[in-house]
Amino acid sequence: MSDTALKAPRNAPPRTAAARRTRRSAWSRRRDRRGLAFVAPFGIAFTLFTIVPLLYAIYESLFTSRIIGGTVFSGFGNYHQVLTSGAFWGGFVRVIVFGAIQIPIMLAIAFFFACVFDLGVAKASRLFRTIFFIPFAVPIVVAALMWGFLLEPSYGPITHLANAFGFGGTNFLSSGLILPSIILIAIWEWTGYNSIILYTALKSVPRDVVEAAILDDTPLWKIILKIKLPMVRPAIVMLIFLNSIGALQLFVEPEILSYQGGSITNTWTPIVDVYNTSIANAQYNLGAAMAVVLGLVIIVVSVASMIFRRQRGELS
Amino acid sequence: MSAVSMEALTKVYATGAKALDALDLQVAHGEFAVLVGPSGCGKTTALRMVAGLEDITSGVLRLEDRVVNGVSPRQRDVAMIFQNYALYPHLTVARNIGFSLENKKIPRAERDERVRAAASVLGLADLLGRKPGQLSGGQRQRVAMGRAIVREPAVFLMDEPLSNLDAKLRVQMRGEILRVHRRVGATTLYVTHDQTEAMTMGDRVAVLRSGRLEQYGTPRELYDRPASLFVASFIGSPAMNLYEAALEAAADQCVVVLGSQRLTLAPAGAERGGLGAYRGRKVIVGIRPEHLAAPGIEGAKPGIEGAAPGIEAAAGASLTVDVRLVEPLGSAQLVHFTIDAPEVREDPAEDTEQLAEGEIMDTPVANGIAVTGPRTPARAGSRITFGVDPGQLHFFDPDTREAIDTGR
Amino acid sequence: MTASTLASPGDTAAGPPESRRQRRKRERLQEQAAAIPVHLYGLRRGTVTLITVACVLFAIFTLVPVAWIIINSTKSQTGIFSSFAFWFSRPFDFFHNFALLFQNVDGNGTYFQWFGNTVLYAALGGGGATALAGFAGYGFARFRFRGSKAYFYVIVGALLVPVAAITLPLYLVYAKAHLINSIWGMILPSLVSPVGVYLMRTYVDLSVPRELIDAARIDGAGEARIFFRVALPLMVPGLMTVLLLSVVAVWNNYFLPLIIFTKNSLYPLTVGIGVWSQVAERSGGNSDLYPLVVMGGLVTIVPMIALFLVLQRYWRGGMLLGSIAN
Ligand SMILES: Nc1ncnc2c1ncn2[C@@H]1O[C@H](COP(=O)(O)OP(=O)(O)O)[C@@H](O)[C@H]1O
Ligand SMILES: [Mg+2]
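Trainee: How would you explain the overall build of chain A if you had to name every residue and give the values?
Mentor: Looking only at helices and strands, one finds 14 helices and two strands in chain A. Classification of the 316 residues of chain A by burial places 52% in the buried group. A fraction of 63% describes how many contacts in chain A between residues 6 or more apart in sequence connect residues 24 or more apart. Working note: accessible area of chain A is about 14,500 Å², and carbon and sulfur atoms make up 67% of it.

Quick look at the structure:
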């Protein structure tokens, strides 16, 4: 404390807020810097390998390289091209359809099994949990390959099975069936993982609440749908959100299936489009613009959904 | 016919832990019975067995004379109030209270009516639209009660319903629960670890210890005639002073030797009951702090306020002690003292009050406590003589730790 | 409530050594005790059977591709095409196929080289990402410096950015910085795991009490010492989960190596097998690459599944939920 503070008249206001603030920050600034030191390694890597590339992508998206004349500034020219490209939006619609079908089916199955595990109904539920989790450890590339073999139109066993059931000539990799096939693969890959997360969420429902429901003579279906489900709603919302972001970026499955003869166009999904445009056709600037548009859509949708939920009082 | 009847009820958990050991307990219709005991003694287990939430390892449980050992909790017609209330967090107060009625498919109008009635009994009428997250602890507690009473069950089970409230609210809710109980009139089995709660609320109180029933009786009986050392030390606050002592083998008198002091019991008292058989043997003697009569400082004549008329204090029925600490409470005064007799403690860890004292005291540690009038001139470091009414002494067998019948 | 499901650092505390079987038994008992007895739900026996059947069916669905790849790893190319897919056929080519993994069959590269690359990328990338996430998560959870909130939101916001929007420009930058065909081009970006930071911050918040850190400060311990001696031991289960997630992320990564590597000796498994399958398909039945693709797939997934089975008990699925408790 300084001398002036000591000499201050007795009825003066006891130290101004500003003075208090400087005192506090002087004390804690040292600790601040130490906190920064913990964050710095990640911060540097994050800046170099996320922020800088992102900004660079935006920068690149404003140029066009011509065969004659080199790279020239083209303003929003690339964006205009992307936004008016029917193929790009076609891919967009496709991933939305994909997500709109795959995510609900997957979450329904995942929630069902999460409940089964949580209730402890099935014998050996530990074993089932382990088995269901296996696909998460399988790289998507390999998962797509395996399913590609199983669904292959000439020797694939699932094709044989379809033929045996009278669906002769079924081609799961044809343009009509490839989307359902990829939905199947994605369900295989992610159901167990989502189920385990929901299982964890269900376990945090207090036991006495369920017991109270039992004493209230609540039937099981109602305990699950009217009590447990609402209580794990935040977890489900989060999973919908994460899975949606993943779905919009669908790339590996169609790419690998295209190697195996799947009917995948160059613009099948937005990321397939980005890849083919920038790597195969070497139109980096246009590809960058596509990636930026995709990112903007994701951000706008997430922010909008967050605002919507906040308005409904679901978020604090 | 009892509303609830437990016969040799035993619970062994899958881990091998024996939580309840042959519990016998009858609760009459409309009775407010309290299960009390230190934490871990099996109270919750007993309650959950009555509710049907725990399987019964052995023994018989009857509700209204019907054996319900294998009956689902859904069919037992019992309502339970959980320690943490177990409200449905996503439902409004009204739906929380009415949830069981919804399950019974009771028509909406009737349901609303009953919910409103229950809510008004509990003073929740204005809160029906809120969610549990927007309520205070006391309000949640009321919602939990509302959820129970709206069902009009045969038996109410309450598991430490007040333990999550602050002290003041707890006292208020004690009265509230009793008021609701009288109004509804349903048989209630109430669990608590707090002996004050047990004594103030229970028509009858069962004291449990390590899964066994120590004593079951009215609060008066537990206080006046504790059946064991454990009950004696558990019931009453501050806890009873307990010392190792011996009974002198004199022929015509019965004299308690307490350290260097002697307490002469009136001959009549000595002959009664089983105490005579202990002449010449060691006993444990118990004196409630409130029964140490405040006399004045050393040299004054021992006064015997409040002694029951007819019981004459024999000469020498007094104890002289060294005062260590005086805690004025306003209406009374706690006098912590040392007496040169070995103190007996029953599960000291359970009694936090005693633990706290031990920390405050200098050596030598006080081994006794007396409740005196607020103006008794006692000072730390002084010596004081208390009058003792021999009729208020309790005796216990040092081996079995059970009470010795003095014919009271 | 979340704290209990999320943080149970006691799991890692040193106690008397407990055998595997004892641990299993204890865990099973605990799980049983935590669950409400099934009969209280009023389930009929038939329903329980039906549920078990559903579990078995889904387990079969899950295991079909795995069974297929195991069985077909023993087959020759003709065997894969023409024999019954879910049973073995002659010749038994398992060892022959396995040996192929050590050869550069079609000039596109050698499987075991890719395997080694993948292990290297996953270990350095995943391990490094975990370390950075641990530091940063602790920093965000237990320090408040100017802009810390804003930084954190930026990092969380990065979750929304499509991978392609970051990977593509990386390729362009690498082309200028001579990082094309450098293992660092793969490893360095893998160090950035915003999810990891997010998870670790939540985990630290719930499992490393502020009072503990303050007490250590009062005792005069330096910040580094507090981190390594006080906080780190409590963060272990969380770090293990983040490690699993980041290793899987690197092991799975396809887009980045696909565009930054042109030299096949640097490929990770995902890209290598992808190339093989492409070549195999293009050449029709002539290339003899199919057994290699199948065997390669098998050898890719077995270590990961094994790793998960071993590390299962460290897995804190609840971490992914910690954030939403508020
Ligand atoms: N689900 C359980 N599994 C194993 N032991 C238990 C279980 N519940 C309680 N116990 C044990 O049984 C004893 C009695 O517990 P409880 O009835 O909860 O006591 P109280 O309610 O009196 O505190 C304790 O020793 C406790 O550890
Ligand atoms: Mg209890």
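Trainee: How would you explain the pattern of salt bridges if you had to name every residue and give the values?
Mentor: Scanning all chains against the criterion turns up 27 salt bridges over all chains. R151 of chain B is the salt-bridge partner of D216 of chain A, the closest N and O atoms lying 3.6 Å from each other. Of this pair, D216 of chain A sits in the loop between α9 (207-215) and α10 (220-231) while R151 of chain B is found in the loop between α4 (137-149) and β7 (155-159), placing the two residues in two different chains. The same class applies to D216 of chain A and to R151 of chain B, which are both buried. Notably, a salt bridge pairs R179 of chain B with E176 of chain B, separated by 3.5 Å at the nearest N-O pair. Of this pair, R179 of chain B and E176 of chain B both sit in helix α5 (residues 167-184), three residues apart, which is roughly one turn of the helix. When its relative accessible area of 13% is taken as the criterion, E176 of chain B is described as buried. What you see here is one network of salt bridges that share partners, running through R207 and E211 of chain A together with K11, R48 and E54 of chain B.

Trainee: With reference to specific residues and values, describe the environment of R90 of chain C.
Mentor: All names here are of chain C. As for its placement among the helices and strands, R90 is situated in the loop between α4 (77-82) and α5 (94-100). According to the relative accessible area criterion, R90 is exposed, its value standing at 77%. In the structure, R90 is positioned 49 residues away from Y41 in sequence and 52 Å away in space, judged by C-alpha atoms.

Trainee: So, the packing of α4 of chain B against α5 of chain B: which residues are in play, and what are the values?
Mentor: Residue and element names in this part refer to chain B. With their axes 11 Å apart at the nearest point, α4 and α5 run at an angle of 15 degrees to one another. Between α4 and α5, the crossing angle belongs to the class labelled roughly parallel. The two elements α4 and α5 meet at a crossing, and its hand is right-handed. The segment α4 lies against α5, with G138, Q141, R142, M145 and I149 engaging L169, Q172, M173, E176, I177, V180 and V184.

Trainee: Could you give an account of the interface of chain C and chain A, with specific residues and numbers?
Mentor: Taken together, the contact between chain C and chain A spans 103 residues of the former and 96 residues of the latter. Regarding the contact of chain C and chain A, the summed buried area is about 9,000 Å², with carbon and sulfur atoms giving 80% of it. Broken down residue by residue, the surface that chain C buries against chain A is led by Y41, F58 and L160 of chain C, which jointly contribute 8%. On the surface where chain C and chain A come into contact, there are zero salt bridges. Joining chain C to chain A, the criterion identifies six residue pairs in polar contact (both at pLDDT 80 or more).

Trainee: Lay out the interface of chain B and chain C in plain terms, naming residues and giving numbers.
Mentor: Contacts between the two partners involve six residues from chain B and, on the opposite side, six residues from chain C. Summed over both sides, the interface between chain B and chain C buries roughly 450 Å², with carbon and sulfur atoms accounting for 55% of that surface. Inspection of the chain B/chain C interface yields zero salt bridges. At the boundary of chain B and chain C, one finds three residue pairs in polar contact (both at pLDDT 80 or more). Residues belonging to the side of chain B that touches chain C are distributed by class as follows: three nonpolar, one polar and two charged.

Trainee: Quick rundown of the packing of helix α3 (residues 45-72) of chain C against helix α15 (residues 290-311) of chain C? Include the residues and the values.
Mentor: Residue and element names in this part refer to chain C. Between α3 and α15, the shortest axis-to-axis distance is 9 Å and the interhelical angle comes to 125 degrees. Relative to α15, the element α3 is oriented oblique. Crossing of α3 over α15 shows left-handed handedness. Judged by residue contacts, W68, I69, I70 and N72 of α3 engage V294, G297, L298 and I301 from α15. Looking at the contact of α3 with α15 residue by residue, the classes come out as six nonpolar, two polar and no charged.

Trainee: So, the site of ligand 1: which residues are in play, and what are the values?
Mentor: Residues and elements named next belong to chain B. Around ligand 1 sit Y13, T15, A19, S39, G40, C41, G42, K43, T44 and T45, and those are all the residues in its vicinity. In the environment of ligand 1, a nitrogen atom lies 3.3 Å from a nitrogen or oxygen atom belonging to the side chain of Y13. In this structure, an oxygen atom belonging to ligand 1 sits 3.0 Å away from a main-chain N or O atom of G42. Look at ligand 1: alone it shows 560 Å² of surface, and the protein chains cover 65% of it. It is helix α1 (residues 43-51) that provides the largest number of residues to the shell around ligand 1, a total of three residues. Here the residues of the shell around ligand 1 are counted per class, giving three nonpolar, six polar and one charged.

Trainee: Can you tell me about the sheet that holds strand β4 (residues 58-63) of chain B, naming the residues and giving the values?
Mentor: Residue and element names in this part refer to chain B. Within the open sheet, the four strands sit side by side as β2-β1-β4-β5. Their pairing is antiparallel. If you trace the sheet from one side to the other, it starts and ends with β2 (18-27) and β5 (66-67), each paired once. As paired strands, β4 and β5 are joined by two bridges and run antiparallel to one another. Looking at β5, one finds that R62 is bridged to V67.

Trainee: Go over the confidence of the model for chain A, please, and point to the residues and values.
Mentor: Mean pLDDT for chain A: 84, with 88% of residues reaching 70 or above. Contacts from residues 1-25 of chain A, a stretch scored under 50 in pLDDT, to residues over four places away or in other chains number five contacts.

Trainee: I'd like to hear about the environment of R210 of chain C, residue by residue, with values.
Mentor: Counting through the fold element by element, R210 of chain C comes out in helix α11 (residues 210-218). Sequence separation of R210 of chain C and R142 of chain C is 68 residues, and the distance between their C-alpha atoms is 7.2 Å.

Trainee: Before we move on, can you summarise the domain arrangement of chain A with the specific residues and values?
Mentor: Residue and element names in this part refer to chain A. We note that the domain assignment places domain 1 (3-61) and domain 2 (85-311) within chain A. Contact with domain 1, which involves four residues of that partner, is made by four residues of domain 2. In terms of surface lost to domain 2, no three residues of domain 1 exceed A57, E60 and S61, which account for 86% of the buried area on that side. For the pair domain 1 and domain 2, the interface holds one residue pair in polar contact (both at pLDDT 80 or more).

Trainee: Tell me about the sheet that holds strand β10 (residues 212-217) of chain B, and please be specific about residues and values.
Mentor: Residue and element names in this part refer to chain B. Taken in spatial order, the six strands line up as β6-β7-β8-β3-β9-β10 in an open sheet, and their pairing is mixed. Both edges of this open sheet fall to β6 (78-81) and β10, since each of them pairs with a single strand only. With direction set aside, neighbouring strand axes in the sheet form an average angle of 15 degrees. Bridge count for β7 against strand β8 (residues 187-192) is five bridges, and the pairing is parallel. For F156, the partnering residue across the bridge sits in β8 and is T188.

Trainee: For α9 of chain A, give the residues involved together with the corresponding values.
Mentor: When you tally the buried positions in α9 of chain A, you get eight out of nine residues, the bulk of the element. Residues D208, V209, V210, E211, A212, A213, I214 and L215 of chain A constitute the buried set of α9 of chain A. Among the structural elements, α10 of chain A together with α1, β6 and α4 of chain B are those in contact with the buried residues of α9 of chain A. Residue D217 of chain A follows α9 of chain A closely and has a positive phi angle near 60 degrees.

Trainee: Talk me through the pairing of β2 of chain B; I want residue IDs and the actual numbers.
Mentor: Residues and elements named next belong to chain B. As paired elements, strand β1 (residues 4-12) and β2 share six bridges and run antiparallel to each other. Note on β2: the bridge partner recorded for L9 is L23. Between β1 and β2, which pair antiparallel and follow one another directly, the connecting turn spans five residues, one of which, G16, has a positive phi of 95 degrees.

Trainee: Can you explain the side chain of D389 of chain B? Please cite residues and give values.
Mentor: Residue and element names in this part refer to chain B. Residue placement: D389 occurs in the loop between β19 (383-388) and β20 (394-396). For D389, a relative accessible area of 8% puts it in the buried group. At a separation of 2.8 Å, a polar atom in the side chain of D389 contacts the main-chain amide nitrogen of G391.

Trainee: Please give an account of unusual backbone geometry that cites residues and values.
Mentor: All names here are of chain B. A cis amide bond links S237 with the next residue in sequence, P238, at an omega value of -5 degrees. Among the secondary structure elements, P238 is positioned in the loop between α8 (229-234) and β11 (241-247). In this structure, A8 is a non-glycine residue whose phi angle is positive, near 50 degrees. Checked against the element boundaries, A8 lands in strand β1. Assessed through its relative accessible area of 34%, A8 is described here as partly exposed.

Trainee: Quick rundown of the side chain of H90 of chain B? Include the residues and the values.
Mentor: Mapped onto the elements, H90 of chain B comes out in the loop between β6 and α2 (93-103). A polar contact of 2.7 Å, which involves the side chain of H90 of chain B, links it to the backbone oxygen of K226 of chain A. With residues near it in sequence (within four places) discarded, H90 of chain B still touches K226, I227, P230 and M231 of chain A together with K131 of chain B.

Parameters at a glance
Residues numbered from 1 in each chain as written. Chains lettered and ligands numbered in written order. Predicted model: local features only at pLDDT ≥ 70, side-chain atom pairs only at ≥ 80, totals over all residues. Heavy atoms only, no water. Helix = DSSP H or I, 4+ residues; strand = E, 2+ residues; numbered from the N terminus. Buried < 20%, exposed > 50% of the residue type's maximum accessible area, 1.4 Å probe, protein only. Contact = heavy atoms within 4.5 Å. Areas by Shrake-Rupley, 256 points an atom, 1.4 Å probe, with all protein chains shown as cover. Salt bridge = Lys/Arg side-chain N within 4 Å of Asp/Glu carboxyl O. Axes fitted to C-alpha atoms, helices over the stretch in contact; angles between N-to-C directions. Parallel < 35°, antiparallel > 145°, perpendicular 65-115°, else oblique. Left-handed = near helix turned anticlockwise from the far one by under 90°. Buried area = accessible area lost by both parts, 1.4 Å probe. Polar contact = N/O pair within 3.5 Å; in protein donor to acceptor, adjacent residues only side chain to side chain. Nonpolar A, V, L, I, M, F, W, Y, C, P; charged D, E, K, R; others polar. Near = heavy atom within 4 Å. Pairing = 2+ DSSP bridges. pLDDT = per-residue confidence, 0-100. Domains from an automatic or database assignment.

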